[in-house]
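# Survey of secondary and tertiary structure
The residues making up each chain are set out below.
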Amino acid sequence: MSTTDTFISHMIELRDRLLRIIIGTVLITVVLFPFANEIYQFLASPLLNSLPLGGQMIATDVTTPFFVPMKVVLLAAFMISLPHTLYQIWAFVAPGLYAHERRLIGPLVFASTLLFLLGMAFAYYLVFPVVFGFIAHTAPEGVAVMTDIGKYLDFAMTLFIAFGLAFEVPVAVILLVSAGVVNVATLRGARSYVIVGAFVIGAIFTPPDVISQVMLAVPLWVLYETGILVASLLQRRNQQQLH
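None of the values given here were measured: they were computed from a predicted structure. (Residues numbered from 1 in each chain as written. Predicted model: local features only at pLDDT ≥ 70, side-chain atom pairs only at ≥ 80, totals over all residues. Heavy atoms only, no water.)

This next bit is on the packing of helix α3 (residues 64-80) against helix α6 (residues 149-166). The geometry of α3 relative to α6 is characterised by a closest axis approach of 9 Å and an angle of 20° between their N-to-C directions. For the element pair α3 / α6, the angle class is roughly parallel. In terms of crossing hand, the pair formed by α3 and α6 is left-handed. Where α3 abuts α6, its residues T64, P65, V68, K71, V72 and L75 lie against I149, G150, L153 and M157. Within the contact of α3 with α6, the residues separate by chemical class into 7 nonpolar, 2 polar and 1 charged. (Axes fitted to C-alpha atoms, helices over the stretch in contact; angles between N-to-C directions. Helix = DSSP H or I, 4+ residues; strand = E, 2+ residues; numbered from the N terminus. Parallel < 35°, antiparallel > 145°, perpendicular 65-115°, else oblique. Left-handed = near helix turned anticlockwise from the far one by under 90°. Contact = heavy atoms within 4.5 Å. Nonpolar A, V, L, I, M, F, W, Y, C, P; charged D, E, K, R; others polar.)

Along the chain, the position of D148 falls in the loop between α5 (99-138) and α6. No salt bridge forms around the buried D148; measuring N to O, its nearest opposite-charge neighbour K151 is 6.2 Å away. Here the side chain of D148 touches T60 through a polar contact of 2.9 Å, landing on its backbone nitrogen. Those residues within four positions of D148 in sequence are excluded, and the remaining contacts are M57, I58, A59 and T60. (Buried < 20%, exposed > 50% of the residue type's maximum accessible area, 1.4 Å probe, protein only. Lys, Arg positive; Asp, Glu negative; His and termini not counted. Salt bridge = Lys/Arg side-chain N within 4 Å of Asp/Glu carboxyl O. Polar contact = N/O pair within 3.5 Å; in protein donor to acceptor, adjacent residues only side chain to side chain.)

Quick look at the environment of I201 now. Along the chain, I201 falls in helix α9 (residues 191-205). On the basis of relative accessibility, which here comes to 36%, the residue I201 falls in the partly exposed class. Each C-alpha atom, one on I201 and one on R102, is 33 Å from the other, the two residues being 99 residues apart in sequence. Look past the residues within four positions of I201 in its chain and what remains in contact with it is L216 and L220.

Laid out in structure tokens, this is it:
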């Protein structure tokens, strides 16, 4: 088979994999569409539960009550279809990898997906109640806390992404060590800088209160230490296999 034929076959396979990803996401979106308001209600419940009695959210744009729940449905469909999406990506790239690369990348893809979802769950179940409780109880007297549903979605997405990426730190550490970019000793020596950086990141991506900053910074540091531990174990095992 010529180089041109090989390239065309790869492009055809890539097209088929992308179509499967899109079809899978669209099918789940269609299934979830009738429950759009209920799904948004679930997303908004940490804020609604923190508001004073009778408190509610508002929609300031004409189309917001329709489009915001639809965006939440698309987010939910993306998350539910993520295993299928990653499988299609894995099936496309796996034939071009060496055996040792397949052994490493497969678990890392699974771990990165799980960690990202765990980061989102950590934000939803632990951080949101603390943050919204703080905001609701520090509002000046006579000020009714009534957040626009679109702005709430943007805020929630920012925290989801921040905590999801923060929980990817162990995977990033393992990849850097496995690729030979840094070694475990260097990572241990950078511990103090990482701690300071974690609190800086917490201050940037969380609301202006110390509690939520700490709730991002501490897991970030713990996950960094976890990545160092796993990377050192893998490094030790590889050295033993060489001998």
